[in-house]
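# Close look at the chain arrangement
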Amino acid sequence: MSDRDVLIVGGGPAGLSAALSAAQGGLRVALVDEHTELGGQYFKRRHPAVVARHGDFRPAGTRLVTAVRQAGVDCLTGHLVWGVADDGATLLVAGPDGAPHALRARFTVLATGAHERVLPFPGWQLPGVVTAGLALHLATIDRVPVGRRVLLAGTGPFLLPVACALLEVGVRVVGVAEANHPYRLGRHAAASLRYPARLRELAGYLATLVRHRVPVWQDTYVLSASGPDRLRQVTLGGRHAGTVEADVLCVGHGFRPNVELARLLGCETRPDPVVGEPVPVADVVGRTSRPDVYVVGEAAGIAGVHAARARGQAAALDILARTGRAVPPARQRRVHARVRRLARFAALTEALFPPPLHLLDGIPDDTEVCRCEQVSAGEIRATAGLAHNGLNATKGFTRAGMGLCQGRECGTAVACLTRAANPHAPAEAFTARMPVRPVPVTALGVPPRHAAGADRGRPAGDGTPGGEVVR
Amino acid sequence: MSVHIHVDGRRVPVPEGISLAAALVGSGHWTFRRHAVSGRPRGPFCGMGVCFECELTVDGQPGVRACLAHVRDGMRVETCPPTDPDDPSGGDVLAAAPGGAGTTEEGRGV
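## A closer look at the nonpolar core
- Core analysis: the biggest nonpolar cluster contains 55 residues, and Val-146, Leu-152, Leu-166 and Cys-250 of chain A together with Ile-5 and Leu-20 of chain B have the highest contact counts within it.
- For this core, the element with the most residues is helix α5 (residues 159-168) of chain A, which contributes eight residues.
- Those residues in contact with Leu-166 of chain A that sit more than four places away from it in its chain are Ala-135, Ala-139, Val-146, Val-150, Leu-152, Val-171, Val-173 and Cys-250 of chain A.

And the structure:
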């Protein structure tokens with residue numbers, strides 16, 4: 001009767017690791033991902049034609065994806081989980097053709113990843129201003145240089161590998177503007193000595209930048225980007241203030257966990273200490289406040305690929321133990337220790353590279369903050385200051401955060417601007433709403449009955465989509 | 001090794017297997033669309049399907065995210081589609097209205 005034990009949402013390093021361990025332990029696993037290929041962002045796959053020209057990229061990802069498929073995991077690629085049914089457990093899914101599906105299993109593992117945070121500045125909506133992640137994908141997955149003269153800016157260790165990847169495809173990297181001052185001797189540097197592998201990685205990137213004479217400007221940030229109809233010039237503020245000619249600016253201020261599904265499933269969240277955005281409360285194995293829901297990987301808090309894989313594995317082992325499979329306690333202890341250790345490293349990184357939220361105080365009123373709905377900083381400030389509007393009231397009045405990206409690009413900024421204009425506004429994030437991503441109209445319908453008799457959904461018309469309820 | 005796509009009617013050779021966003025950026029096309037309200041040019045931004053800035057019309061289908069699509073020989077790409085003020089959907093197939101109150105067909109907002 002029951003044909004799925006575990007439903008995993010997200011086919012990145014965390015979801016793949018969870019799927020592999022769960023399937024190898026004898027559980028029936030389905031893995032759902034909105035993209036047509038598994039791998040997520042970190043293990044994003046090259047197209048076979050690109051592999052033929054340039055070889056594989058991150059072969060560990062290829063091995064992981066192959067192992068997951070060989071382990072018998074039902075991989076539902078091209079399936080977008082967009083919401084939660086009224087029963088609070090069934091996930092609503094849009095298939096590749098836009099057809100509605102409903103999925104459910106005994107355990108749900110959310111491995112929904114994260115997206116890059118960019119704090120707005122004047123001109124950030126100009127063509128030629130991109131996230132560091134976009135530039136990295138172009139350089140590594142497509143082997144296409146994003147521009148000729150490229151400036152990187154923002155904060156985070158992520159900017160360094162991106163700069164190196166750009167150099168590898170022939171880009172002239174004019175500089176890396178780091179808003180913080182992490183690369184120096186001090187308490188944090190001493191603490192980082194406990195993570196020699198990570199430190200070696202970082203030293204490797206810095207050595208490459210030195211070899212190519214790429215300056216790293218610390219305590220330096222973007223004031224504005226300008227150009228007629230695409231980027232020409234970037235104005236920097238801070239220690240290395242000045243103007244830089246560039247045809248592309250890659251910018252990133254860390255990452256934001258994708259927590260919408262966890263919130264829609266009613267998992268308890270806590271505000272993250274730096275930005276105040278909700279992060280699901282989860283223990284070392286990813287168990288949330290809901291006994292049947294786990295959250296792993298970057299969705300559980302930004303910690304990097306190694307932590308993501310360990311967390312995915314920890315969740316799978318916990319589910320195996322809970323469903324009566326023999327899991328050697330030593331193995332579980334080892335994985336838990338790894339998760340904890342990598343969490344400490346993540347905390348160290350977070351302390352070194354806090355998002356420079358104070359820069360938002362200085363952006364001019366005419367800065368376009370919500371890119372989709374074209375809402376300016378001034379409109380947000382005025383609205384938030386009026387009648388003590390909180391974040392969601394400000395959103396309602398201005399439409400900031402109501403566009404196609406659903407506030408993913410402007411969310412941090414709108415929240416910070418609101419709190420700055422209205423000190424009484426509570427620390428909150430945009431309400432999680434369905435659909436969590438735009439979906440075709442057809443996906444909102446009631447899923448058709450499953451032809452093969454596998455349908456265990458309720459009949460159409462009772463408000464809960466039926467269809468392939470996997471159970 | 002190379003395939004040809006048609007960008008606003010112009011034949012452009014691009015490496016096989018790369019993303020449409022990479023193909024356009026690599027051939028110097030940065031304006032993917034114009035903002036519906038301001039008409040200002042917009043290009044790709046997030047590169048992972050989140051921001052929807054790189055939407056364009058591919059083989060007649062609007063709303064295709066160039067960062068998630070791969071080039072195909074003979075693919076017809078239209079950037080900056082003319083906006084028809086009489087078409088309330090803007091020719092868009094998306095149902096989204098995301099984030100607004102009661103967004104789905106049953107007003108199933110949270």
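Next comes the rest of the account.
## Quick word on the interface of chain B and chain A
- In this complex, chain B contributes 47 residues to the contact, which on the side of chain A involves 59 residues.
- Approximately 4400 Å² of surface area, both sides summed, lies buried where chain B meets chain A, with 61% of it carried by carbon and sulfur atoms.
- Summed over the shared surface of chain B and chain A, the number is two salt bridges.
- Two residues, Arg-371 of chain A and Glu-53 of chain B, come together in a salt bridge whose shortest N-O distance is 2.7 Å.
- Inspection of the chain B/chain A interface yields eleven residue pairs in polar contact (both at pLDDT 80 or more).

## Examining the packing of aromatic side chains
Residue and element names in this part refer to chain A.
- The full count for this structure, using the stated rule, is six aromatic pairs over all chains.
- Summarising the aromatic geometry, the rings of Phe-158 and Phe-255 are spaced 5.2 Å apart at their centres and angled 70° between planes, so their arrangement reads as edge-to-face. Of this pair, Phe-158 sits in the loop between β10 (149-155) and α5 while Phe-255 sits in strand β17 (residues 255-257), placing them 97 residues apart in sequence.
- Here the basic side chain of Arg-371 rests over the ring of Trp-124, its NZ or CZ set 4.7 Å away from the ring centre.

## A few points about the sheet that holds strand β9 (residues 129-131) of chain A
All names here are of chain A.
- Read from one edge to the other, the open sheet built from five strands follows the order β9-β16-β10-β11-β12, with strand pairing classed as parallel. The sheet is open, and its two edges are formed by β9 and β12 (216-218), each paired on a single side. Pairwise comparison of adjacent strand axes, ignoring direction, gives a mean angle of 20° for this sheet.
- Where β10 lies against strand β16 (residues 248-253), six bridges are found, and the strand directions are parallel. Residue pairing for β16: Thr-155 is matched across the bridge by His-253.
- Lying on the sheet, helix α4 (residues 132-142) is in contact with β9 and β16; it crosses β9 at an angle near 80°.

## A few points about the environment of Glu-34 of chain A
Residue and element names in this part refer to chain A.
- Locating Glu-34 in the fold gives a position in the loop between β2 (29-33) and α2 (48-54).
- Given the relative accessible area of 28%, Glu-34 is considered partly exposed.
- For Glu-34 and Asp-3, which are 31 residues apart along the polypeptide, the C-alpha to C-alpha distance reads 22 Å.
- Filtering out sequence-adjacent residues up to four positions away, Glu-34 remains in contact with Gly-78, His-79, Leu-80 and Arg-437.
- A distance of 2.7 Å separates a polar atom in the side chain of Glu-34 from a polar atom in the side chain of Arg-437.

## Here's the deal with the confidence of the model for chain B
Residues and elements named next belong to chain B.
- The predicted model of chain B has a mean per-residue pLDDT of 81, with 73% of residues at 70 or higher.
- Contacts from residues 87-110, a stretch scored under 50 in pLDDT, to residues over four places away or in other chains number 51 contacts.
- Interface predicted TM-score (ipTM) for the complex: 0.92; the corresponding pTM is 0.91.

## What to know about the sheet that holds strand β6 (residues 100-103) of chain A
All names here are of chain A.
- Taken in spatial order, the three strands make up an open sheet running β4-β5-β6, and their pairing is antiparallel. Here the strands that pair on one side only, and so sit at the sheet edges, are β4 (80-84) and β6. Averaged over all pairs of adjacent strands, the angle between their axes in this sheet comes to 35°, without regard to strand direction.

## Notes on unusual backbone geometry
- Cis geometry is adopted by the peptide bond preceding Pro-435 of chain A, which originates at Met-434 of chain A and carries an omega value of -10°.
- If you trace the backbone, Pro-435 of chain A turns up in the segment after α13 (411-421).
- We note that Asp-219 of chain A has phi near 50°; this positive angle belongs to a residue other than glycine.
- Positionally, Asp-219 of chain A belongs in the loop between β12 and β13 (220-226).
- Judged by relative accessible area, Asp-219 of chain A falls into the partly exposed class, the value being 25%.
- Non-glycine residue Asp-8 of chain B carries a positive phi angle of around 50°.

## Some words on α4 of chain A
- Within α4 of chain A, eleven of the eleven residues are buried, which leaves the element mostly enclosed by the surrounding structure.
- Within α4 of chain A, burial applies to Ala-132, Gly-133, Leu-134, Ala-135, Leu-136, His-137, Leu-138, Ala-139, Thr-140, Ile-141 and Asp-142 of chain A.
- In this fold, the buried residues of α4 of chain A make contact with α2, β8 (114-116), β9, α5 and β16 of chain A together with α1 (20-26) of chain B.
- Two residues or fewer after α4 of chain A comes Arg-143 of chain A, characterised by a positive phi angle close to 55°.

## Topic: the packing of helix α11 (residues 377-385) of chain A against α13 of chain A
Residues and elements named next belong to chain A.
- With their axes 8 Å apart at the nearest point, α11 and α13 run at an angle of 45° to one another. Relative to α13, α11 is oriented oblique. Viewed along their axes, α11 and α13 form a crossing whose handedness is right-handed. Contacts between α11 and α13 involve Ala-377, Ile-380, Arg-381, Ala-384 and Gly-385 from the former and Val-414, Leu-417, Thr-418 and Ala-421 from the latter.

## Thoughts on helix α9 (residues 305-322) of chain A
Residues and elements named next belong to chain A.
- Relative to the 26 Å expected for 18 residues at 1.5 Å per residue, α9 spans 26 Å between its end C-alpha atoms, a close match to the ideal helical length.
- Extensive coverage of α9 is indicated by the burial of 13 of its 18 residues.
- Positive backbone phi, at 85°, marks Gly-324, one or two positions downstream of α9.

## Side note on a positive patch on the surface
All names here are of chain A.
- There is a patch of like positive charges on the surface, built from Arg-63, Arg-194, Arg-309, Arg-338, Arg-340, Arg-341 and Arg-344.
- Looking at the positive patch element by element, the count peaks at four residues for helix α10 (residues 329-352).
- By the secondary structure assignment, Arg-344 is in helix α10.

Each value, and the rule that gives it
Residues numbered from 1 in each chain as written. Chains lettered and ligands numbered in written order. Predicted model: local features only at pLDDT ≥ 70, side-chain atom pairs only at ≥ 80, totals over all residues. Heavy atoms only, no water. Core = buried A, V, L, I, M, F, W, Y, C linked by side-chain atoms within 4.5 Å. Buried < 20%, exposed > 50% of the residue type's maximum accessible area, 1.4 Å probe, protein only. Helix = DSSP H or I, 4+ residues; strand = E, 2+ residues; numbered from the N terminus. Contact = heavy atoms within 4.5 Å. Buried area = accessible area lost by both parts, 1.4 Å probe. Salt bridge = Lys/Arg side-chain N within 4 Å of Asp/Glu carboxyl O. Polar contact = N/O pair within 3.5 Å; in protein donor to acceptor, adjacent residues only side chain to side chain. Phe/Tyr/Trp six-rings, centres within 6.5 Å; stacked < 30°, edge-to-face > 60°. Lys NZ or Arg CZ within 6 Å of the ring centre and 35° of its normal. Pairing = 2+ DSSP bridges. Axes fitted to C-alpha atoms, helices over the stretch in contact; angles between N-to-C directions. pLDDT = per-residue confidence, 0-100. Parallel < 35°, antiparallel > 145°, perpendicular 65-115°, else oblique. Left-handed = near helix turned anticlockwise from the far one by under 90°. Expected span 1.5 Å × (residues − 1). Patch = residues over 30% accessible without salt bridge, like charges linked within 9 Å, V, L, I, M, F, W, Y side chains within 5 Å. Areas by Shrake-Rupley, 256 points an atom, 1.4 Å probe, with all protein chains shown as cover. Lys, Arg positive; Asp, Glu negative; His and termini not counted. Charge placed at Lys NZ, Arg CZ, Asp CG, Glu CD.

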